[in-house]
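So you can see what is in the structure, the chains are spelled out below.
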Amino acid sequence: MSEKIGKTWWPEVAALVAFAALTLALMNGYLLDLDERIAEWSLTHQPAPVYWTARVFNYLGQGGQVLMPVTLILTGVLFWRTRSVRALLPFVVTFALTYCTIGPAKIFFDRAAPRFKGPDAVMLFNPSAAGDKAMSYPSGHVANTLVWFGVIALLLTVLMKRDLSRREWLLLRVAPVVIVFVTTVYTGFHWLTDSIAALFLGFVLVRLLGRIPWGLRSDPGAGAHHPAQGQVGGQDHQVGA
């Protein structure tokens, strides 16, 4: 387990409190004007080259089309090397965790996206929107990017048998989140507060995944090792590390 993550639960608690506070503020009408102003500016400042560039980069946050397939490929390579069921655990656990949190939250809060043509698009619990037209809060793109790139980084560290360099860490853990956050708001797929809420929720999920002692190795026979002893380069690599 990552010692830094294992010391305290206060960061998770703080993120959940921030998520709850933001949600309550939106339910009471606060920040809605800010969301509308930013969405209006974004939707009226979209020259084709800029818009389509943003659309392409926004695919970095596509869970089913990009992030999960990439994770599955890395998982397959690790499983082929080790012949250990442990290689499958990060994908399975992450899929279950995101499926049981992000998806239900989007359905429960019933918020339309900025491009919704009906009334009160910016409101939570919008009675005029339903189904796939009311799944904006929180942003699945942003939360998925934060969580799945963490798993991708974990698998890469195991496969390469070394920690990520600072540049690699920034490219995998920071840059995609920033890009998806900005492009999701700019393209009008989500309100600003949708993406902020997703950061809070995604942070909690990453911390939870980082507490799991995966015990992964990239050499054959990895399954014979206890999770606490499954180390690469002397360290037990974690999603949140």
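Just so you know, these numbers come straight off a predicted model, no measurement behind them.

**Some thoughts on the overall build of the protein**
Line of reasoning, step 1. Helices and strands together make up the secondary structure of the protein, namely ten helices and zero strands.
Line of reasoning, step 2. Put simply, the protein runs from its N terminus to its C terminus through helices and strands in the order α-α-α-α-α-α-α-α-α-α.
Line of reasoning, step 3. The buried share of the protein, reckoned over its 241 residues, is 47%.
Line of reasoning, step 4. Within the protein, contacts between residues separated by at least 24 positions form 77% of all contacts whose residues are at least 6 apart in sequence.
Line of reasoning, step 5. If you sum the accessible surface of the protein, you get close to 12000 Å²; carbon and sulfur atoms cover 68% of it.

**What about the UniProt feature "transmembrane region" (unreviewed entry) in the protein?**
Line of reasoning, step 1. UniProt annotation of "transmembrane region" (unreviewed entry) refers to residues 12-32, 59-80, 87-109, 141-158 and 170-189 when read in the numbering used here.
Line of reasoning, step 2. Summarising residues 87-109: 83% helix, 0% strand, and an end-to-end C-alpha distance of 35 Å.

**With respect to unusual backbone geometry**
Line of reasoning, step 1. Of note, the bond from tyrosine 137 into proline 138 is cis; its omega dihedral lies within 30 degrees of zero at -5°.
Line of reasoning, step 2. Structurally, proline 138 is set in the loop between α7 (102-109) and α8 (140-160).
Line of reasoning, step 3. The phi angle at leucine 31 is positive, at roughly 70°, despite the residue not being glycine.
Line of reasoning, step 4. Note that leucine 31 resides in the loop between α2 (10-27) and α3 (32-43).
Line of reasoning, step 5. A relative accessible area of 37% places leucine 31 in the partly exposed class.

**Focus on the packing of aromatic side chains**
Working definition: an aromatic ring pair is given by the centre-to-centre distance plus the angle between the planes.
Line of reasoning, step 1. Taken as a whole and judged by the stated rule, the model has ten aromatic pairs.
Line of reasoning, step 2. Seen from their ring centres, tyrosine 51 and tryptophan 52 are 5.2 Å apart, and the 80° between their planes marks the pair as edge-to-face.
Line of reasoning, step 3. Overall, tyrosine 51 belongs to the buried group, its relative accessible area being 12%.
Line of reasoning, step 4. With a centroid separation of 5.1 Å and an interplanar angle of 90°, the aromatic rings of phenylalanine 109 and tyrosine 137 are classed as edge-to-face. With phenylalanine 109 in helix α7 and tyrosine 137 in the loop between α7 and α8, the pair connects residues that are 28 residues apart, well separated along the chain.

**Some points on the nonpolar core**
Here is a general trend for soluble globular proteins: nonpolar side chains tend to be buried in one another's company.
Line of reasoning, step 1. Core analysis: the biggest nonpolar cluster contains 34 residues, and Leu78, Trp148, Ile152, Leu155, Leu172 and Leu216 have the highest contact counts within it.
Line of reasoning, step 2. When contributions to this core are tallied by element, the ones reaching two or more residues are α5 (63-82), α8, α9 (166-186) and α10 (192-210).
Line of reasoning, step 3. By residue number, the principal contributor to this core is α8, which donates 13 residues.
Line of reasoning, step 4. Counting 17 residues, the second largest nonpolar core, distinct from the first, contains Leu26, Ala112, Ala121 and Ala129.

**Here's the deal with α7**
Line of reasoning, step 1. For α7, the full list of buried residues reads Ile102, Ala105, Lys106 and Phe109. The arc that holds the buried residues of α7, viewed along the axis, is 100°, so those residues lie on one side. Summarising the geometry of α7, the exposed residues directed more than 90 degrees from the buried face are Ile107 and Phe108.
Line of reasoning, step 2. Here the buried face of α7 lies against α2, α6 (89-99), α8 and α10.

**Brief notes about the packing of α6 against α10**
Line of reasoning, step 1. Contact geometry of α6 with α10 gives a least axis separation of 11 Å together with a crossing angle of 150°. For the crossing formed where α6 meets α10, the hand is right-handed. Across the interface between the two elements, Val93, Thr94, Leu97 and Thr98 from α6 touch Leu205, Leu208 and Leu209 from α10.

**What about a nonpolar patch on the surface?**
Line of reasoning, step 1. On the surface, Trp169, Leu170, Val174, Val178 and Val182 cluster together into a nonpolar patch covering about 390 Å² of accessible area.
Line of reasoning, step 2. Residue placement: tryptophan 169 occurs in helix α9.

**Looking at the pattern of salt bridges**
Line of reasoning, step 1. If you walk through the whole model with that rule in mind, you get five salt bridges.
Line of reasoning, step 2. The shortest N-O distance in the salt bridge between aspartate 35 and arginine 111 comes to 2.8 Å. With aspartate 35 in helix α3 and arginine 111 in the loop between α7 and α8, this pair connects stretches of sequence that are 76 residues apart.
Line of reasoning, step 3. Classification of arginine 111 by relative accessible area gives buried; the value is 0%.
Line of reasoning, step 4. A salt bridge links arginine 162 to glutamate 168, with the nearest nitrogen and oxygen atoms 2.8 Å apart.
Line of reasoning, step 5. Assessed through its relative accessible area of 24%, glutamate 168 is described here as partly exposed.

Parameters at a glance
- Residues numbered from 1 in each chain as written.
- Predicted model: local features only at pLDDT ≥ 70, side-chain atom pairs only at ≥ 80, totals over all residues.
- Heavy atoms only, no water.
- Helix = DSSP H or I, 4+ residues; strand = E, 2+ residues; numbered from the N terminus.
- Buried < 20%, exposed > 50% of the residue type's maximum accessible area, 1.4 Å probe, protein only.
- Contact = heavy atoms within 4.5 Å.
- Areas by Shrake-Rupley, 256 points an atom, 1.4 Å probe, with all protein chains shown as cover.
- UniProt positions renumbered as here; feature names shortened; annotations may be inferred.
- Phe/Tyr/Trp six-rings, centres within 6.5 Å; stacked < 30°, edge-to-face > 60°.
- Core = buried A, V, L, I, M, F, W, Y, C linked by side-chain atoms within 4.5 Å.
- Arc of directions from axis to C-beta.
- Axes fitted to C-alpha atoms, helices over the stretch in contact; angles between N-to-C directions.
- Left-handed = near helix turned anticlockwise from the far one by under 90°.
- Patch = residues over 30% accessible without salt bridge, like charges linked within 9 Å, V, L, I, M, F, W, Y side chains within 5 Å.
- Salt bridge = Lys/Arg side-chain N within 4 Å of Asp/Glu carboxyl O.

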